[in-house]
Amino acid sequence: MLDGEPFPSNGLYLVTASGIVMIDTPWDVEQTIPLLEQLQQRHGKKVVMCLVTHFHDDRTAGLGILNSRQIMTYSSKQTGQLCRTRKEKEAAFQFDGDTSFTLAGVTLEVYYPGPGHSKDNLVIWFPQARILYGGCLVKSGTAIGLGNVADADLGQWPVSIQKVIDRFPQPAFVIPGHGNWSDGQGLQRTLQLLREQASKKPVRW
Ligand SMILES: [Zn+2]
């Protein structure tokens, strides 16, 4: 929910023989329990792990519930620190630098490209499926603005996007933090929005 209105927010889950991995939690606590139950019903497996891609509550709100259910929750150390100072829920396990996880033969790579939407935003790469989960670093191909930029680094954001483009060429899918991903244009659209933002002249009074 954003300002009292429903607003779509994307997460992703991965079903492996060892259980389900969630990338990011739902935006609020009320959505987290039904999601856990639905996933178990649909796939006959439990959620065993959750990785959050930055500290904002559209990624982290459900961490308290997941922690209380002994689901292994992960974030970067940088995200953990920001969660603490900003009083957001925090992951139980925190890694330093880029890392990867393999569950029942399925690998996910965690990459920190530098600041963008937030100082700590991570992207996740699934090498077998060639899916890039961009989180809030990446806008939807149809986004009309950069969204919440309160914690953004507008100067570094394009540099971080370019690093992601160079590192993961030709992804099959790019999943943005919010909105549609079917056109595959999220990375390019984010660069374009950042260029438009940079060319706006500051208003002088
Ligand atoms: Zn955010």
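### A word on the environment of Ala 104
Here is step 1: Positionally, Ala 104 belongs in the loop between β6 (99–103) and β7 (106–111).
Here is step 2: In this structure Ala 104 comes out as partly exposed when scored by relative accessible area, which is 45%.
Here is step 3: Separated by 46 residues in sequence, Ala 104 and Asp 58 place their C-alpha atoms 28 Å apart.

### Some remarks on helix α4 (residues 77–85)
Here is step 1: All of the buried residues in α4 are Thr 79, Gly 80, Leu 82 and Cys 83. In an axial view of α4, the angular spread of the buried residues amounts to 165 degrees, which keeps them on one side of the axis. Residues of α4 that are exposed and angled more than 90 degrees away from the buried face: Gln 81 and Thr 85.
Here is step 2: Looking at the buried positions of α4, the neighbouring elements they touch are α2 (57–60), β4 (72–76) and β5 (93–95).
Here is step 3: Of the residues flanking the end of α4, it is Lys 87, one or two places downstream, whose phi is positive at about 60 degrees.

### What to know about the packing of aromatic side chains
Here is step 1: With the rule as written, the count across this model stands at 5 aromatic pairs.
Here is step 2: Arranged with centres 4.8 Å apart and planes meeting at 65 degrees, the rings of Tyr 74 and Phe 101 form a pair that is edge-to-face. Here Phe 101 lies in strand β6 and Tyr 74 lies in strand β4, a separation of 27 residues in the sequence. One exposure class covers both Tyr 74 and Phe 101, and it is buried.
Here is step 3: Where Trp 125 meets Phe 168, the ring centres are 4.8 Å apart and the plane angle is 25 degrees; that geometry is what we call stacked. Of this pair, Trp 125 sits in strand β8 (residues 123–126) while Phe 168 sits in the loop between α5 (157–167) and β10 (173–176); the two residues are 43 residues apart in sequence, bridging distant segments of the chain. For the pair formed by Trp 125 and Phe 168, the shared burial category is buried.
Here is step 4: By the ring-pair criterion, three or more aromatic residues cluster together here, those being Tyr 74, Phe 93, Phe 95 and Phe 101.

Rules used in this analysis
Residues numbered from 1 in each chain as written. Predicted model: local features only at pLDDT ≥ 70, side-chain atom pairs only at ≥ 80, totals over all residues. Heavy atoms only, no water. Helix = DSSP H or I, 4+ residues; strand = E, 2+ residues; numbered from the N terminus. Buried < 20%, exposed > 50% of the residue type's maximum accessible area, 1.4 Å probe, protein only. Arc of directions from axis to C-beta. Contact = heavy atoms within 4.5 Å. Phe/Tyr/Trp six-rings, centres within 6.5 Å; stacked < 30°, edge-to-face > 60°.

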